[in-house]
Amino acid sequence: MGGPRQLLALVLAALAAACALTAPAAAAATKKGVSINNHPGVAAALADVRAGWYYTWASDTQGVTTPAGVEFVPMIWGAGAVNDTELNRARSLGTTLLGFNEPDMAGQANMSVEQALNLWPRLQATGMRLGAPAVAFGGDRAGGWLDRFMSGAAARGYRVDFIPLHWYGSDFSAAATEHLRGYLQAVHDRYRKPIWLTEYGLIDFTGPQPRYPDQAQQTDFVRRSTAMLNSLPFVERFAWFSLSTRTSPTGLYDGTTPNATGVAYRSVP
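What you are looking at is a predicted structure, and each value in this text was computed from that prediction instead of being measured.

A.B. asks: Requested: an account of the overall build of the protein chain, with residues and values cited.
C.D. replies: For the protein chain, the count of helices and strands is eight helices and ten strands. Residues classed as buried in the protein chain amount to 48% of the 269 residues present. For the protein chain, contacts bridging at least 24 residues in sequence account for 65% of all contacts bridging at least 6.

In structure tokens:
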């Protein structure tokens, strides 16, 4: 029969085992994520793609079932979502908050820098880790939308913890990965904050209609770009646009079935 020390060790071990059973699952230890609209089959695709996190461009999951070990990250999409209901919902469902979605675009959140700055204290008051508004382009430009927002936030003493970015490449060759790397590096050099690449892919928006890569070009880019993103210490997270082909032709899954690009993205650690 053991002495007091052995009995104490057994009690502590039992308590540790009980805690392990009731503790929530930790988020997957990867940078890799996806953006999601709630289409048929998307929950199964999310479970299959092996992403560590996802978002829905909303403060809630939009009815998507979150797989065990996967983190949901809420977003306050635009000025209309800055209210107690949306902010409280976001705080109840996550610990990190994404700011406004493409406020520099008329078809998206469409906000002036001054409007975004005036609303920012409401987002900051959630106490969540907070990402800047995600501009559609020009995050590295002096005097651009993001530059003016970051300068205004600093002048007012507001908190911005990281910079979400969107990037779409019109060059479908192997050079696309270096184009993306250059943009990320330039933004990081300007603001010296962690980067989240929350939308990215190959889409050429320069013509009257968007032009898309073929599956081979897209799959090659996924392999090259994810290796690059995983190698950059200042890139905390990235999310391909998007999980489902119902959202975009660049999607990774047709319903519950991964296409060639989806298979490549699923294999990314």
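A.B. asks: So, helix α2 (residues 42–49): which residues are in play, and what are the values?
C.D. replies: Of all the positions in α2, only V42, A45, L46 and V49 are classed as buried. Seen end-on, α2 carries its buried residues on one side only, within an arc spanning 100°. The inward-facing, buried residues of α2 abut β1 (32–35), β2 (53–55), β9 (253–254) and α8 (260–266).

A.B. asks: I'd like a rundown of the layout of surface pockets, residues and numbers included.
C.D. replies: Of the pockets and cavities examined, the largest pocket occupies roughly 570 Å³. Along the wall of the largest pocket there are 28 residues; nearest its centre are E102, A136, W167, Y168 and F205. Elements represented by at least two residues in the lining of the largest pocket include exactly β6 (163–169) and α6 (176–191). If one sorts the elements of the lining of the largest pocket by residue count, β6 sits on top with four residues. When its residues are assigned to classes, the lining of the largest pocket shows 14 nonpolar, eight polar and six charged.

A.B. asks: How would you sum up the nonpolar core? Please name residues and give values.
C.D. replies: Within the largest apolar cluster, 64 residues are counted, with the highest numbers of intra-cluster contacts made by V34, F149, L184 and L243. At six residues, α6 tops the list of elements feeding residues into this core. Within the second largest apolar cluster, eleven residues are counted, among which are M75, L98, W196 and A239.

A.B. asks: Just give me the short version of the sheet that holds β2, but keep the residues and values in it.
C.D. replies: Spatial ordering of the open sheet is given by β3-β2-β1-β8-β7-β6, a layout of six strands whose pairing is parallel. Each edge of the sheet is formed by a strand with only one pairing partner; in this case those strands are β3 (71–72) and β6. Note: β6 against strand β7 (residues 195–202), seven bridges, orientation parallel. The partner of G169 across the bridge, within β7, is L202.

A.B. asks: Explain the pairing of β6 residue by residue, including any values.
C.D. replies: Summarising burial for β6: six of the seven residues are buried, a large majority. With α6 bridging β6 and its parallel neighbour β7, the resulting β-α-β unit is right-handed.

A.B. asks: Account for the side chain of S225, naming residues and giving values.
C.D. replies: Examined against the element boundaries, S225 turns out to sit in helix α7 (residues 215–231). Overall, the relative accessible area of 0% leaves S225 in the buried class. At 2.9 Å, the side chain of S225 forms a polar contact with the side chain of Y200.

A.B. asks: Describe the environment of I203, naming the residues involved and giving the relevant values.
C.D. replies: Relative to the assigned elements, I203 resides in the loop between β7 and α7. Along the primary structure I203 and F172 are separated by 31 residues, whereas in three dimensions their C-alpha atoms are 8.3 Å apart. Those residues within four positions of I203 in sequence are excluded, and the remaining contacts are Y168, G169, S170, F172, P210, R211, Y212, F241, S248 and T250.

A.B. asks: How would you sum up the pattern of salt bridges? Please name residues and give values.
C.D. replies: Scanning the entire structure with this criterion turns up twelve salt bridges. R156 serves as the salt-bridge partner of E114, at 2.9 Å between the closest nitrogen and oxygen. Taken together, the positions of E114 in helix α4 (residues 113–124) and R156 in helix α5 (residues 145–156) put the pair 42 residues apart, joining distant regions of the chain. By relative accessible area, E114 is classed as partly exposed at 45%. With a closest N to O distance of 2.8 Å, D220 and R224 form a salt bridge. Of this pair, D220 and R224 both sit in helix α7, four residues apart, which is roughly one turn of the helix. Residue class for D220 comes out partly exposed when judged on its relative accessible area of 29%. Its relative accessible area of 41% is what places R224 among the partly exposed residues.

What counts and how
- Residues numbered from 1 in each chain as written.
- Predicted model: local features only at pLDDT ≥ 70, side-chain atom pairs only at ≥ 80, totals over all residues.
- Heavy atoms only, no water.
- Helix = DSSP H or I, 4+ residues; strand = E, 2+ residues; numbered from the N terminus.
- Buried < 20%, exposed > 50% of the residue type's maximum accessible area, 1.4 Å probe, protein only.
- Contact = heavy atoms within 4.5 Å.
- Arc of directions from axis to C-beta.
- 1 Å grid on protein atoms, 1.4 Å probe; cavity = no way out; pocket = protein on both sides within 12 Å on 5 of 7 lines; lining within 4 Å.
- Points joined across faces, edges and corners; volume = space filled by probe spheres on them.
- Nonpolar A, V, L, I, M, F, W, Y, C, P; charged D, E, K, R; others polar.
- Core = buried A, V, L, I, M, F, W, Y, C linked by side-chain atoms within 4.5 Å.
- Pairing = 2+ DSSP bridges.
- Right-handed = clockwise from strand over helix to strand, strands pointing away.
- Polar contact = N/O pair within 3.5 Å; in protein donor to acceptor, adjacent residues only side chain to side chain.
- Salt bridge = Lys/Arg side-chain N within 4 Å of Asp/Glu carboxyl O.

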